Amino acid sequence: EVQLVESGGGLVQAGGSLILSCVASGSTFDDYVIGWFRQAPGQEREGISCISISDGSTYYSDLVKGRFTVSSDNVKNSVFLQMNSLNPEDTGVYYCARARDLIRATPLLPLWYDVWGQGTQVTVSS
């Protein structure tokens, strides 16, 4: 009953920036957690960041802490991921996903998330 659509990926040089968007349709985010994940070729999907729609609290993986910022616009039913100081290791397909319930100690485990977007490609050249 809810669909997530990511956009904003592209090709940037190392040190550059991108902002990704995640827009929900068919429902509002309401009291959910929206997570950002990425997957490089041949690697497992890994959690990057998440935000609680209800209270605005955020969490970041050590891989992106200090470089990425997650935010939400609840009126527009959207979540954003501002990515700065990108490096080639950030290359991959980025997904947003929804969790209705999770364990706060491990908020970036993919198993908590039950709805996923289609992904958007981010490529960082060196």
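Throughout, a residue's number is its position along its own chain's written sequence, starting from 1. With pLDDT at 70 or above as the cut-off, local features in this predicted model cover only qualifying residues; side-chain atom pairs require 80 or more to be listed or tallied, and sums for whole chains, interfaces and linings still use all residues. Note that the side-chain values use all heavy atoms of the structure and ignore hydrogens as well as water.

Before we move on, can you summarise the environment of Ser125 with the specific residues and values?
With respect to the helices and strands, Ser125 occurs in strand β11 (residues 120-125). Residue Ser125 is classed as partly exposed on the basis of its relative accessible area, which comes to 27%. As a C-alpha pair, Ser125 and Gly16 span 109 residues in sequence and 9.6 Å in three-dimensional space. When checking whether two residues touch, look at their non-hydrogen atoms; a contact exists if any pair is within 4.5 Å. Beyond its immediate sequence surroundings of up to four residues, Ser125 is in contact with Leu11, Val12, Gln13, Ala14 and Pro88. Strands are runs of DSSP state E lasting at least two residues, helices are runs of H or I lasting at least four, and both sets are numbered from the N terminus onward. Here the term buried applies to any residue with accessible area under 20% of the maximum for its type, exposed to any over 50%, and partly exposed to those in between, with areas from a 1.4 Å probe on protein chains only.

Give a description of the pairing of strand β4 (residues 33-39) that names residues and reports values.
In terms of residue burial, β4 counts as a mostly covered element, since 6 of its 7 residues are buried. DSSP-based pairing: two strands are paired if at least 2 bridges between them are found. Where β4 folds back on strand β5 (residues 46-52), the antiparallel hairpin that results is connected by 6 residues, among which Gly42 adopts a positive phi of roughly 75 degrees. Bridging between β4 and strand β9 (residues 92-99) involves 7 bridges; their strand directions are antiparallel. Each bridged residue has a counterpart across the sheet, and for Gln39 the counterpart in β9 is Val93.

Give me the lowdown on the packing of aromatic side chains, citing residues and values where you can.
Put simply, two rings from Phe, Tyr or Trp (the six-membered ring, in Trp's case) pair if the centres are within 6.5 Å, and we call them stacked under 30 degrees between planes, edge-to-face over 60, tilted for the rest. In total, this model carries 4 aromatic pairs according to the counting rule given. On the basis of an interplanar angle of 65 degrees and a centroid distance of 6.2 Å, the ring pair of Tyr113 and Trp116 is categorised as edge-to-face. When its relative accessible area of 26% is taken as the criterion, Trp116 is described as partly exposed. One aromatic cluster is present, built from ring pairs that chain together Phe37, Tyr95, Tyr113 and Trp116. Whether a charge sits over a ring depends on NZ of Lys or CZ of Arg being within 6 Å of the ring centre and within 35 degrees of the ring normal. Taking the ring centre of Trp116 as reference, the NZ or CZ of Arg45 above it sits at 4.8 Å. A cation over an aromatic ring shows up here: Arg98 above the ring of Tyr32, its NZ or CZ 4.6 Å from the ring centre.

Please give an account of the side chain of Arg98 that cites residues and values.
Take Arg98: it is sitting in strand β9. By relative accessible area, Arg98 is classed as buried at 3%.

An account of the pairing of strand β3 (residues 18-25) is requested, with residue identities and associated values reported.
Where strand β1 (residues 3-7) and β3 come together, 5 bridges link them in antiparallel fashion. Its bridge partner being in β3, Glu6 is matched across the sheet by Cys22. Relative to strand β8 (residues 78-83), β3 is paired through 6 bridges, and the arrangement is antiparallel. Bridge pairing in β8 places Ser21 opposite Phe80.

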